[in-house]
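Fold and geometry: a report
Letter by letter, the chains look like this.
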Amino acid sequence: KVSGSLDVRSGITIDLNGSTIICPSSAVFSIGVTHEAKNIVIKNGNIVGLNGIDIWSKASNITISDCNIYASSGIVMSKGITIFGADKVTISDCRIGLIGECRYGIYISNGTEEGSNASSINENISISNIFIISSMAGISFSGTFADRNINISDYIIEGYGDKTGK
């Protein structure tokens, strides 16, 4: 059991081997893949917190597999997985939002390049064999520039609407 967020740099495999990362409600993310990080694997675990996994601009060759991503007790998860302008991201065999409330299962948005206002698009994103329960959107796309080569297959997305009754 890890308590707190992890900031991940290039060339790392995080095999949680069934373990859980629990991030306090005040943290920005549970696992953060830094700007321009490459060749990262995150697999086989539970990721719990306000935000699950954030992948920042220009990161590439990122694999997330066989993970459960959900809110910790008493908080609403904002986003399970967020991708901000990355390339070659594979997400497979994951379950998002099965415990507690999750607003956005997977949130894909253009990123900004570190140290500038230049935008970076998402390219070559593969999402397969996932199960998402969310209150706002299972998979959401945002940004001013068109992303390229986004493939989504073998998925189940369930929504339950706004729990506030609005």
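One can find the structure itself at the top, above this paragraph.
Residues numbered from 1 in each chain as written. Predicted model: local features only at pLDDT ≥ 70, side-chain atom pairs only at ≥ 80, totals over all residues. Heavy atoms only, no water.

Before going further, it helps to spend a moment on the overall build of the protein chain. Each helix and strand in the protein chain was counted, giving 0 helices and 17 strands. Out of the 166 residues in the protein chain, the part that is buried amounts to 47%. In the protein chain, of all internal contacts separated by at least 6 residues, the share reaching a separation of at least 24 is 69%. For the protein chain, the accessible area works out to roughly 7800 Å², and carbon and sulfur atoms hold 46% of it. (Helix = DSSP H or I, 4+ residues; strand = E, 2+ residues; numbered from the N terminus. Buried < 20%, exposed > 50% of the residue type's maximum accessible area, 1.4 Å probe, protein only. Contact = heavy atoms within 4.5 Å. Areas by Shrake-Rupley, 256 points an atom, 1.4 Å probe, with all protein chains shown as cover.)

Looking now at the environment of I12. Relative to the assigned elements, I12 resides in the loop between β2 (6-8) and β3 (13-15). Judged by relative accessible area, I12 falls into the partly exposed class, the value being 35%. With sequence-adjacent residues up to four places away left out, I12 is seen in contact with N39, I40 and V41.

We now examine the packing of aromatic side chains. Scanning the model with the defined rule gives 2 aromatic pairs in all. On the basis of an interplanar angle of 20° and a centroid distance of 4.6 Å, the ring pair of W56 and F84 is categorised as stacked. Here the residue W56 occupies a position in the loop between β7 (51-55) and β8 (60-70), and F84 occupies one in strand β9 (residues 76-84), the gap between them amounting to 28 residues. Looking at W56, the relative accessible area reads 28%, which means it is partly exposed. Aromatic pair Y104 and Y107: ring centres 5.5 Å apart, planes at 70°, arrangement edge-to-face. Taking NZ or CZ as reference, K79 lies 5.0 Å from the ring centre of Y107, over its face. (Phe/Tyr/Trp six-rings, centres within 6.5 Å; stacked < 30°, edge-to-face > 60°. Lys NZ or Arg CZ within 6 Å of the ring centre and 35° of its normal.)

Another aspect to go through is the side chain of S135. Note on placement: S135 falls in the loop between β15 (123-134) and β16 (137-142). In this structure the side chain of S135 is engaged in a polar contact, spanning 2.8 Å, whose partner is the side chain of E101. (Polar contact = N/O pair within 3.5 Å; in protein donor to acceptor, adjacent residues only side chain to side chain.)

Further remarks concern the nonpolar core. Judged by nonpolar contacts, the single largest core of 34 residues is most densely connected at I42, I55, I91 and I106. Ignoring any residue separated from it by four or fewer positions in sequence, one finds I91 in contact with I64, I81, I83, I106, S126, I127, S128 and I130. (Core = buried A, V, L, I, M, F, W, Y, C linked by side-chain atoms within 4.5 Å.)

What follows concerns the pairing of β9. With 8 of 9 residues buried, β9 is to be regarded as a mostly interior element. Summarising the sheet, β7 and β9 pair through 4 bridges and their orientation is parallel. From the neighbouring strand, I53 faces β9, where its bridge partner is I81. One ladder, built from 7 bridges, connects β9 with strand β12 (residues 101-109); its direction is parallel. Following the sheet pairing, F84 is matched in β12 by S109. (Pairing = 2+ DSSP bridges.)

On to the side chain of N46, then. Here N46 shows up in strand β6 (residues 38-48). Reaching out from N46, the side chain makes a polar contact with the side chain of N68 at a distance of 2.9 Å. When residues no more than four places from it in sequence are discounted, the contact partners of N46 are L16, G18, S19, T20, I21, N68 and Y70.

This part is about the pattern of salt bridges. Applying the stated criterion across every chain yields a total of 3 salt bridges. D66 is paired through a salt bridge with R95; the nearest N and O atoms lie 3.0 Å apart. Residue D66 is located in strand β8, and its partner R95 is located in strand β11 (residues 95-96); the two are separated by 29 residues in the primary sequence. Across the pair R148 and E123 runs a salt bridge, and its minimum N-O distance is 3.8 Å. Here R148, found in strand β17 (residues 148-159), pairs with E123, found in strand β15; they are 25 residues apart in sequence, far enough to count as distant. (Salt bridge = Lys/Arg side-chain N within 4 Å of Asp/Glu carboxyl O.)

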